[in-house]
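This is what each chain is made of:
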Amino acid sequence: MDRDYYKVLGVERKASAAEIKKAYRRLARKYHPDLNPGDKAAEARFKEIQEAYSVLSDPKKRSEYDEFGFIGGSAPGSEQRRYTSGFEGFDFSDYGTSTFGDFFESIFGGGGRAAAETGPGPGEDLHYSMKIGFADAVHGLQTRIQLTRRVACPSCQGRGHVSGSGQISCSSCGGSGRIHLQRGFMKFQSACPQCRGTGRTRGEPCSQCSGAGTVQKTELINVKIPAGVDTGSRVRVPGKGNVGPNSGPPGDLYISIEVSPHPIFRREGANINVRVPITVPEATLGADIEVPTLAGRTTIRIPPGTKSGQKFRLKGQGVPVIGRRAQGDEIVEVTIVPPPASNRRVRELMKELERLDIENPRKSLGIS
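Definitions and cut-offs
Residues numbered from 1 in each chain as written. Predicted model: local features only at pLDDT ≥ 70, side-chain atom pairs only at ≥ 80, totals over all residues. Heavy atoms only, no water. pLDDT = per-residue confidence, 0-100. Helix = DSSP H or I, 4+ residues; strand = E, 2+ residues; numbered from the N terminus. Contact = heavy atoms within 4.5 Å. Buried < 20%, exposed > 50% of the residue type's maximum accessible area, 1.4 Å probe, protein only. Core = buried A, V, L, I, M, F, W, Y, C linked by side-chain atoms within 4.5 Å. 1 Å grid on protein atoms, 1.4 Å probe; cavity = no way out; pocket = protein on both sides within 12 Å on 5 of 7 lines; lining within 4 Å. Points joined across faces, edges and corners; volume = space filled by probe spheres on them.

Chemist: When you look at the confidence of the model for the protein in this model, what are you seeing that I'm missing?
Modeler: Atomic detail in the predicted coordinates should be set aside for any region of low pLDDT. When pLDDT is averaged along the protein, the result is 81, and 79% of the positions lie at 70 or above. Within the protein, strand E14 (residues 311–314) carries the highest mean pLDDT (97), whereas helix H6 (residues 112–115) carries the lowest (40). Segment residues 70–117: pLDDT under 50, and 93 contacts once partners within four positions in sequence are set aside and those in other chains are kept.

What follows is the structure, given as structure tokens:
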């Protein structure tokens, strides 16, 4: 418990509720177990972030935390002092549900009065990474992915107990709704997790889900990737996350997109860029040349005197803009390729060209 929740979330002690929420979302996305499979350090960090947010997002809990400090550390706004020595062997449960006892209960995950709430809650969002080709990103894609998520138990329809078995006294707490916990030298009470503090369970637990009301299911689902996505885009699939507690609505699935590079085209937002080589005669005299586009080949006019690096814009030949009836452009950059110097006739023509009175192209640099 020797930690500072503000430091865990990376916020100042005077941070607003909105700043705390923003910091939590950013860190939760980064360390979510689904995005870091098998990483025990990330899993521990994720739990630590959740614990900090559960306290700092609740005005009452945050007030109590700011007032009492954290166990094993220094109280905010006071000289350095330790809290552990005064509580050795002390049983907070003797004082019922005092504010101080409730504070420890909320910190250690007992949930207090919140644990007794048995209404449906929102489900957890899931995250999935997908790598797609350049053409699929431009034109869109419909595909199927395999997803493992938690759904309502089909045997008990998410109730967690056998239908018609009625309510019985909770075996974990003996019907009191409270259990005794000990953290080091501290003893206190917490709401029973089995009955959520009610002292009663909803009858015989379901054998398929062991009373949880949810089971894990692996399924193939259809997903639609819209035209115009790029690396870093996130596609939301509503209702394909984990089902909520007590048959609450499921969360959503978020697909993070990574797009493979193209061998010819280079993308910048909704525009695409392509380099096209041209010959010296084409650049000097002008020519109609074919260039590649996302839709196939097209012809553009190269005017006489075209310079290497000159760019030409093809309107509407780029990538669709998500959420708008618009499309980017294609930018064609021409590069002049000299003729082969190994050809004797070419060398003779170049020498003849050299004898012509051609203006020095480096004159503007002050070089004669």
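Chemist: Whenever I open this one, the environment of glutamine 50 confuses me. Can you help?
Modeler: Inspection of the secondary structure puts glutamine 50 in helix H3 (residues 40–56). Here glutamine 50 falls in the partly exposed class, since its relative accessible area comes to 34%. Measuring from C-alpha to C-alpha, the distance between glutamine 50 and leucine 9 comes to 9.4 Å, with 41 residues separating the pair along the chain.

Chemist: Looking at this structure, I do not really get the nonpolar core. What am I missing?
Modeler: What tends to happen in soluble globular proteins is that the nonpolar side chains get buried as a cluster. The biggest cluster of nonpolar side chains holds 34 residues, and the ones touching the most others in it are Met130, Ile132, Leu253, Ile255, Ile257 and Ile289. What isoleucine 289 contacts, discounting residues up to four positions off in sequence, is Val276, Ile278, Glu282, Thr298, Thr299, Ile300 and Ile302. Counting 18 residues, the second largest nonpolar core, distinct from the first, contains Val8, Ala15, Phe46 and Leu56.

Chemist: Even after reading the chapter, I still don't get the layout of surface pockets, so can you show me in this structure?
Modeler: Left-over empty space is what a probe sized like a water molecule reveals as it rolls over the atoms. In this model, the largest pocket occupies a volume close to 1,000 Å³. Residue assignment for the lining of the largest pocket shows that the elements contributing at least two residues are helix H2 (17–31), H3, strand E1 (126–132), strand E2 (141–152) and strand E7 (214–225). Sorting elements by how many residues they give to the lining of the largest pocket places H2 first, with five residues. Considered as a void within the structure, the second largest pocket measures approximately 840 Å³ in volume. Lining of the second largest pocket is provided by 23 residues; of these, Val280, Thr284, Met350, Leu353 and Ile358 occupy positions nearest its centre. Broken down by secondary-structure element, the contributors of at least two residues to the lining of the second largest pocket are helix H8 (280–285), strand E15 (330–337) and helix H9 (344–355). In terms of residue count, the dominant contributor to the lining of the second largest pocket is H9 (six residues).

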